[in-house]
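Okay, here's what each chain looks like letter by letter:
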Protein chains: 2
Amino acid sequence: MMPEGESMLYIGIDLGGTNIAAGLVDEEGKIIKRLSTPTAMPRPYAPIIKDMADLAARLVKEAGYALADVAAVGVGMPGITIDKTGMVPICVNLNWRDVPFRDEFQKHLNLPVYISNDATVAGFAEAMVGASAKTSSSVMLTLGTGVGGGIVIHGKPYSGKHCVGGELGHIIIRMDGEPCTCGNRGCLERYASATALIREGRKAMEADADTLMWKLCGGDLARVNAKTVVDAAKQADSVAMKVFQDYVKALATGILCVVNFIDPEMVVLGGGVALAGDFLLHAVRDALAPMIFAKTMPYASVELAQLGTDAGIIGAAMLGKI
Amino acid sequence: MMPEGESMLYIGIDLGGTNIAAGLVDEEGKIIKRLSTPTAMPRPYAPIIKDMADLAARLVKEAGYALADVAAVGVGMPGITIDKTGMVPICVNLNWRDVPFRDEFQKHLNLPVYISNDATVAGFAEAMVGASAKTSSSVMLTLGTGVGGGIVIHGKPYSGKHCVGGELGHIIIRMDGEPCTCGNRGCLERYASATALIREGRKAMEADADTLMWKLCGGDLARVNAKTVVDAAKQADSVAMKVFQDYVKALATGILCVVNFIDPEMVVLGGGVALAGDFLLHAVRDALAPMIFAKTMPYASVELAQLGTDAGIIGAAMLGKI
C-alpha cells in the first residue's frame, strides 16, 4: 500500500544482451534518474542479477531516496517470462534456461519484483504514458533487428495463458517465404524488421549501380541501414521507393492481422524503422486502409511510439503500478 | 436477477441466411426445445426480426413455460454486431446495414437481448459447455464455407474495441496468394476452409484420372466435398493425401498465428472439415508442433469442437449468462 499523502517511486530495469539500463520512475512515468552497467556476457545469471539488484539500490541512494520510497522493481527482458512464478524459462540472448529470477533478485534486494518480456513492456509503457495512453487495448510492433509485439488488453500487459503470446514477429505472412531464425519460413519479421529493410536495400543496390542509396552509404554496402533506404525513398529514388513500398506492404499485412484478430483500439509502431516518422506512418496507413475487412467500420488507429528507448525502463517500472 | 431457488432459462437464436434456428436452453447449456423457420430472403429486416421474436415466444409457450421463466434472448448472426448499442452495422448475407436489432426485437418481445457474431458465439458455446469448457481463454476456428474465428478471453466472448475482431479467416498467410472475397490475397480461408479443400481436391482430380477421389464422388466433380478428399486421404490415396497435407499445413499456419499472437489455453476446430475427426486433429497437431516458437514451452492444446451445429443456439443463449 502506498503511504497516504506520499507518492511512491518505481524502479524499471531494461535487461539487454549488451547493457542493463535502470531508471527510478515516478507515478507519472517520468524517469527521475538513470544508471546503467554492462551485461558483460558471457557469464552466469547469478552475477548478472546481483549487478541488477546493486544497480537498483545505487539508483535509489544516488537519487537521495530510501528503499522505503520504492513500491516495486519491474524488469523487462528479451525472453519468455512467467511473472506468476518469477521464473524465466528462456532468454536466448543471455543463454538463460529456467532461471529463478525473482528469488535470485530478492536475495539481494527486498522489494516486490515483476518481470515481463521487453516488447510487452515497451507496449505497456506506451499504453501507460505514451502514444496509446488512454486506450484500453493496444498492440505495439517494435520494428528493430526483429519484430516484437507488445499487447495490452483491458489496460494490462497480455502475454497469454502460457506466457508465449505476443510473438508477432513470428506470425507467418508468406508461407514458404524467407527462412526465419525460428525454423519456419515467411515470418513477419523476415519482411517487416529493420534487418529486412536493410537486406532488401542491399539486394536492390547490388542490382542497380545508380540508386541514390550508394551515395548515402558512401559506396559501402556494410554501412547500409534502415535510414539509408528511408532517406533515399524520401528523395524519391525509385529503387529505394520500391524497397520501401514492399516493406510497407508487409508491415501493413502484419497490422491487418492484428486488426482482424484482436481489433485493438490502437496499433503503435516503435523501434528503429519507426524513426522514419510520418513518412512511414502515412505510407502504412495508406496501405492498410484498402485491406481492411469491414471497410465502413472504424478500426484501430495506427500511431508512432512516443517514448523511444525509454519505453523499456518506463514500462518495466509501471509493472509495479498495475 | 434470478429468482432464488429457481433456475432460469435462456433463448438462443442462430440467424442464418437460410434458416432461423431457435432453442430454449437451460442453465447447463442443454437445449430443452427447438424450433426453426425459414429466413425467407430476400425481405427487409423488420419481418425477419418479428419472425425471430414470434419464434422465441412460441418456443417458450410450446415448452410449457412463461416468459417470466426466461432470463434473456441471445442471437448469433453472420455479421458485425455491437452488443453495447444493439446495432448490426453489417450483415452481408442478409443485406443488412445499420439495423437496430435490439430495438426492433424488443418491439415484439420484452426480454433482455444480447447479440454477437455467429463464429464468436460458437466459440463461446464450446468455452461454456463444450470442448474448451473450464478454460479461461480459447480460440475456435470454424472450418466451413469460410473460416470463422471465435475468441474467448477471461471467459468472455471477445470481439475487440470496434467489434471487428475475430475475423481469423482474413489474416493473410500467403501474401500475393489466392484472391479472396474480401479483396485481399492469400487469406487463411482461401487455404483452410472446406471450400479450399474442395477446390484443391478438384484441381488434383483434373490432373489425375486415377485418384480414388473420382470413385468416391461417382465420377462427378460437382459432387466432390470435403469428405471426398478426407476419405480418399484416409485410404492413403496419394493424390488426396497431398491435397490434405497442404490443407493441414495452411491450417497449422493459421493456428500458429493464434498461438504466437494471443497464446490461448486451447484452440478448438469446428465446422464441416472438423468432421474428419482425429484424422484431421492428429495431422494438425503433428504439423503444428515443429512450428512452435518456444519449442520447450507448453502451448495451446488443439481439440475438436463437441457441440456441432448446436453451438450456434447454445452460445447465443449463454450470452445472457455472462
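Along each chain, residue indices are assigned from 1 in the same order as the chain's sequence is written. Written order decides the labels, with chains lettered from A and ligands numbered from 1. Residue-level local features of this predicted model are given only where pLDDT is at least 70; pairs of side-chain atoms are given and counted only at 80 or more, and the full residue set underlies all totals for whole chains, interfaces and linings. Side-chain calculation: all heavy atoms of the structure are included, whereas hydrogens and water are not.

Leu269 and Leu280 of chain A together with Leu269 and Leu280 of chain B are the most contacted members of the largest nonpolar core, which has 122 residues in total. Contacts are residue-level and defined by heavy atoms, with any inter-residue pair within 4.5 Å sufficient. Once you skip the residues sitting within four places of it in the chain, Leu280 of chain B turns out to touch Leu143, Phe244, Tyr247, Val248, Leu251, Leu269, Val273 and Ala274 of chain B. Residues enter a nonpolar core if they are buried and are Ala, Val, Leu, Ile, Met, Phe, Trp, Tyr or Cys, with the set joined through side-chain atoms within 4.5 Å. Buried means the residue's accessible area, taken with a 1.4 Å probe over protein chains only, is under 20% of the maximum for its type, while exposed means over 50%, and partly exposed covers the values in between.

Time to look at the environment of Ala53 of chain B. Residue and element names in this part refer to chain B. Strands here are runs of E lasting at least two residues and helices are runs of H or I lasting at least four, both read from the DSSP assignment and numbered beginning at the N terminus. Here Ala53 is to be found in helix α1 (residues 45–62). Owing to a relative accessible area of 1%, Ala53 belongs among the buried residues under this scheme. Placed 101 residues apart in sequence, Ala53 and His154 show a C-alpha to C-alpha distance of 31 Å.

Here we take up the interface of chain A and chain B. Accessible area lost when the parts come together is the quantity often used to give the size of an interface. Between chain A and chain B, the contact holds 52 residues from the first and 52 residues from the second. Note on chain A versus chain B: buried area summed over both sides is about 4600 Å², and carbon and sulfur give 64% of it. Salt bridge criterion: a side-chain nitrogen from Lys or Arg within 4 Å of a carboxyl oxygen from Asp or Glu. On the surface where chain A and chain B come into contact, there are 6 salt bridges. Under this definition, polar contacts are N or O atom pairs within 3.5 Å; protein pairs additionally need one hydrogen-donor-capable and one acceptor-capable atom, and for neighbouring residues in sequence, both atoms have to be side-chain atoms. Linking chain A with chain B are 33 residue pairs in polar contact (both at pLDDT 80 or more), by the criterion used here. Every element with two or more residues in the side of chain A that touches chain B is listed here: β5 (80–82), β6 (87–91), β10 (147–153) and α8 (238–262) of chain A. Here the side of chain A that touches chain B takes 10 residues from α8 of chain A, the largest share from any one element. Think of it as three bins: nonpolar holds Ala, Val, Leu, Ile, Met, Phe, Trp, Tyr, Cys and Pro, charged holds Asp, Glu, Lys and Arg, and polar takes everything else, Gly as well. Of the residues contributing to the side of chain A that touches chain B, the split by class is 31 nonpolar, 12 polar and 9 charged. Summed over both partners, the accessible area (1.4 Å probe) lost when two parts come together is defined as the buried area.

Within the fold, Thr253 of chain B resides in helix α8 (residues 238–262). In this structure the side chain of Thr253 of chain B is engaged in a polar contact, spanning 2.8 Å, whose partner is the backbone oxygen of Lys249 of chain B. Once you skip the residues sitting within four places of it in the chain, Thr253 of chain B turns out to touch Ile172 and Met175 of chain A together with Ile173 and Met291 of chain B.

Aromatic contacts are taken between Phe, Tyr and Trp rings whose centres are within 6.5 Å, Trp giving its six-membered ring; a plane angle under 30 degrees counts as stacked, one over 60 as edge-to-face, and the others as tilted. For the structure shown, the criterion picks out 9 aromatic pairs over all chains. Residues Phe244 of chain A and Phe279 of chain A carry aromatic rings whose centres are separated by 4.7 Å and whose planes lie at 20° to one another, so their mutual orientation is stacked. You can see Phe244 of chain A sitting in helix α8 and its partner Phe279 of chain A sitting in helix α9 (residues 278–288), a full 35 residues away along the chain. Residue classification places Phe244 of chain A among the buried positions, given a relative accessible area of 4%. A ring pair is formed by Trp96 of chain B and Phe101 of chain B, whose centres lie 6.2 Å apart and whose planes are at 35°; its orientation type is tilted. You can call Trp96 of chain B buried: its relative accessible area is 3%. Here the basic side chain of Arg174 of chain A rests over the ring of Tyr191 of chain A, its NZ or CZ set 5.8 Å away from the ring centre. Criterion for a charge above a ring: Arg CZ or Lys NZ at most 6 Å from the ring centre, at most 35 degrees from the ring normal.

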